[in-house]
Amino acid sequence: LRLSQGRSRDAVKLLDELVKSGGRLKLYSLITLARIGLIGNDNQKAAQYADLALASYRDNMDVLDIAGDIAIRNKQYKKAIDLLTPVAQSRKNDTSYLLKMAGCYQSLGNLDAAIKLLSDATRLTPNSAIVHIELGKLHLLNKEFLGAKLQFERAMELNPPLSEARTCFAAFIKVLNIMND
C-alpha cells in the first residue's frame, strides 16, 4: 500500500523489518525489496536482496527469476543463464525465459547457443511473431541469411502487431539487401 502511495522509503523500512523478523513474509519481502531496487535503478541494493533471498530460498522459482533479471541488469550474463535455466525448465510454456537467456548468450558472443534456445522457443510457441523475429535477428548476426529470411517471413505470416512488424520488416529488408549483393 505504501508503494502505491509513492512512499517507497516507508515500504522499504517495513519490508526490512519483515525480513529481520524471519516470519512467513520473509520470502515475499525479499523479492519485493529486490524489485524496488530494480525499479529504482539501485542495482547494488537489488542484488543484495536477491542474494539474501537466494541464500534462504535457492529452489524458489520467483527468487531465481528476479535474481536472473538483476544479473542481466548487472551484465552478469553467465550467472543469469545459471539462474534462469531452472525457471525456464519449470515454466516450459513461458518462452520469455528462453528469450532472456538467448540475449545473455548473444551478449557473451555465443550465437549458436542463442539460436538453439530460440529454435526451441519456436517449437514451444510456433505462433509467436516476436520469437521468430528475435531468432531471425540472431541468424542475421550469425550471417545465416537464409535462416534469417525464413524466420522473418514466418513472423510476417503471423500478422504481428505493428511495432513488431516494423522491427521484422527493417531486418528483413537488410537480409534481402545482403542477399542481393
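*Asks:* Would you take a moment to explain the pattern of salt bridges for this structure?
*Replies:* Oppositely charged side chains are able to pair whenever their charged atoms sit close together. Throughout the structure, instances matching the rule amount to 11 salt bridges. Put simply, K79 and D51 hold a salt bridge, and the shortest N to O gap is 3.7 Å. Linking K79 in helix α5 (residues 77-90) with D51 in helix α3 (residues 43-56), this pair joins segments that are 28 residues apart in sequence. Residue K79 is classed as partly exposed on the basis of its relative accessible area of 34%. Residues R154 and E157 are paired through a salt bridge, measuring 3.4 Å at the closest nitrogen-oxygen approach. Pair noted here: R154 and E157 are both in helix α9 (residues 145-157), with a separation of three residues, about one helical turn. Relative accessible area serves as the criterion here: at 56%, E157 is assigned to the exposed category. It is possible to trace a salt-bridge network through shared partners that takes in D62, D65, D69, R91 and K100.

So, how was this worked out
Residues numbered from 1 in each chain as written. Predicted model: local features only at pLDDT ≥ 70, side-chain atom pairs only at ≥ 80, totals over all residues. Heavy atoms only, no water. Salt bridge = Lys/Arg side-chain N within 4 Å of Asp/Glu carboxyl O. Helix = DSSP H or I, 4+ residues; strand = E, 2+ residues; numbered from the N terminus. Buried < 20%, exposed > 50% of the residue type's maximum accessible area, 1.4 Å probe, protein only.

All we've got here are geometric facts, nothing functional implied.
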